[in-house]
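# Close look at the chain arrangement
If you want the building blocks of each chain, they are given just below.
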Amino acid sequence: MTLQQSRHLQSLLLGTLAWAIAILIFFPIFWMVMTSFKTEIDAFATPPQFIFTPTLENYLHINERSDYFSFAWNSVVISFSATALCLLIAVPAAYSMAFYETQRTKGTLLWMLSTKMLPPVGVLMPIYLLAKSFGLLDTRIALIVIYTLINLPIVVWMIYTYFKDIPKDILEAARLDGATLWQEMVRVLLPIAKGGLASTVLLSLILCWNEAFWSLNLTSSQAAPLTALIASYSSPEGLFWAKLSAVSTLACAPILIFGWISQKQLVRGLSFGAVK
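In this report, we go over the structure that sits alongside the text. Since the structure is predicted, the reported quantities are computational estimates derived from the model, not experimental observations.

Time to look at the layout of surface pockets. What the largest pocket holds in volume is close to 620 Å³. What lines the largest pocket is a set of 23 residues, and nearest its centre among them are Val123, Ile127, Ile146, Leu149 and Ile150. With eight residues, the top contributor of residues to the lining of the largest pocket is helix 7 (residues 140-164). For the lining of the largest pocket, the class distribution of residues is 20 nonpolar, one polar and two charged.

Okay, here's the thing in structure tokens:
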């Protein structure tokens with residue numbers, strides 16, 4: 001076998017493996033969407049039926065029972081607000097750690113990341129009591145603050161990593177040209193790192209969108225996001241798989257569409273600094 005044939009075979013095997021992994025990852029989503037168009041009888045059928053008569057009764061039931069757009073709007077407001085607040089805090093923090101590094105920088109970053117190891121249920125009671133004392137139960141503000149705090153370590157780490165790949169000479173040249181600290185960050189640093197920032201924003205949005213623990217414990221109706229709507233379809237009578245799949249599809253659709261639209265920025269951000 002020649003070297004060219006060996007490389008072609010290797011490329012073919014890697015491509016096949018990539019497709020197999022992609023199908024494996026996508027299959028649960030495909031199954032969820034397919035089940036959402038089944039009746040409850042078809043959803044429970046054994047063995048599973050791949051050929052069935054599609055129906056929209058599950059989506060009609062959700063529309064009659066719940067105000068989907070109210071839950072979706074809460075998810076949008078909470079996720080985007082928490083992500084924006086995260087960036088406002090994380091960008092200056094990552095900037096100072098990346099370009100004015102001290103002996104305590106690594107320790108501070110590790111300490112921030114270690115806070116993610118704490119189980120959420122361990123701090124549920126104090127946070128619940130604080131939210132109750134300040135009148136923030138069942139409000140968007142409570143979830144925005146909490147989502148910001150729990151995602152801040154990851155956001156700071158990611159932005160710090162992207163900033164470290166930017167040569168300091170570029171910033172020094174901007175200072176020599178008379179740029180202020182604000183101009184240095186806004187006109188020089190952020191445009192260079194926009195790919196990395198885009199991937200960080202997308203990750204933060206996904207984490208906020210999918211967060212269920214705090215939304216279930218701190219909201220009831222007014223500020224409940226889509227994760228709370230999904231949980232409401234789990235009843236003592238059992239799980240209604242078709243309806244649960246339909247509401248899950250409606251909950252996943254907005255963030256999937258947003259991720260598909262911003263996939264170019266995501267790929268650019270993930271590969272930021274890989275080739276110099």
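Along the chain, aspartate 138 falls in the loop between helix 6 (124-133) and helix 7. Buried within the structure, aspartate 138 lacks any salt-bridge partner; its nearest side chain of opposite charge belongs to arginine 140, at an N-O separation of 8.9 Å. At a separation of 3.0 Å, a polar atom in the side chain of aspartate 138 contacts the side chain of serine 220. Discounting chain neighbours no more than four positions away, the residues touching aspartate 138 are Leu218, Thr219, Ser220, Ser221, Gln222, Ala223 and Ala224.

Inspection of the entire model under this criterion finds zero disulfides. Looking at the unpaired cysteine 86, the closest cysteine sulfur is the one in cysteine 208, lying at 6.5 Å. Here cysteine 252 stays unpaired: no disulfide links it, and the sulfur of cysteine 208, its closest cysteine neighbor, is 16 Å away.

Scanning the model with the defined rule gives three salt bridges in all. Among the ionic pairs, glutamate 40 bridges to lysine 243, the shortest N-O distance being 3.6 Å. Of the two residues, glutamate 40 sits in helix 2 (residues 40-43) while lysine 243 sits in helix 13 (residues 241-261), which places them 203 residues apart along the sequence. Both residues of the pair, glutamate 40 and lysine 243, count as buried. The residue arginine 175 makes a salt bridge to glutamate 184 at a minimum N-O spacing of 3.0 Å. Residue arginine 175 is classed as partly exposed on the basis of its relative accessible area of 35%.

If you walk through the whole model with that rule in mind, you get one cavity of 30 Å³ or more. Counted as a void, the largest cavity has a volume near 30 Å³. Residue lining of the largest cavity: Ser75, Ile78, Ser79, Tyr147, Cys208, Trp209, Glu211, Pro225 and Thr227, and that is the complete set. Secondary-structure elements contributing two or more residues to the lining of the largest cavity are helix 4 (68-99) and helix 10 (194-210). Of all the elements, helix 4 adds the most residues to the lining of the largest cavity, at three residues.

About the cut-offs
Residues numbered from 1 in each chain as written. Predicted model: local features only at pLDDT ≥ 70, side-chain atom pairs only at ≥ 80, totals over all residues. Heavy atoms only, no water. 1 Å grid on protein atoms, 1.4 Å probe; cavity = no way out; pocket = protein on both sides within 12 Å on 5 of 7 lines; lining within 4 Å. Points joined across faces, edges and corners; volume = space filled by probe spheres on them. Helix = DSSP H or I, 4+ residues; strand = E, 2+ residues; numbered from the N terminus. Nonpolar A, V, L, I, M, F, W, Y, C, P; charged D, E, K, R; others polar. Buried < 20%, exposed > 50% of the residue type's maximum accessible area, 1.4 Å probe, protein only. Lys, Arg positive; Asp, Glu negative; His and termini not counted. Salt bridge = Lys/Arg side-chain N within 4 Å of Asp/Glu carboxyl O. Polar contact = N/O pair within 3.5 Å; in protein donor to acceptor, adjacent residues only side chain to side chain. Contact = heavy atoms within 4.5 Å. Disulfide = S-S within 2.5 Å.

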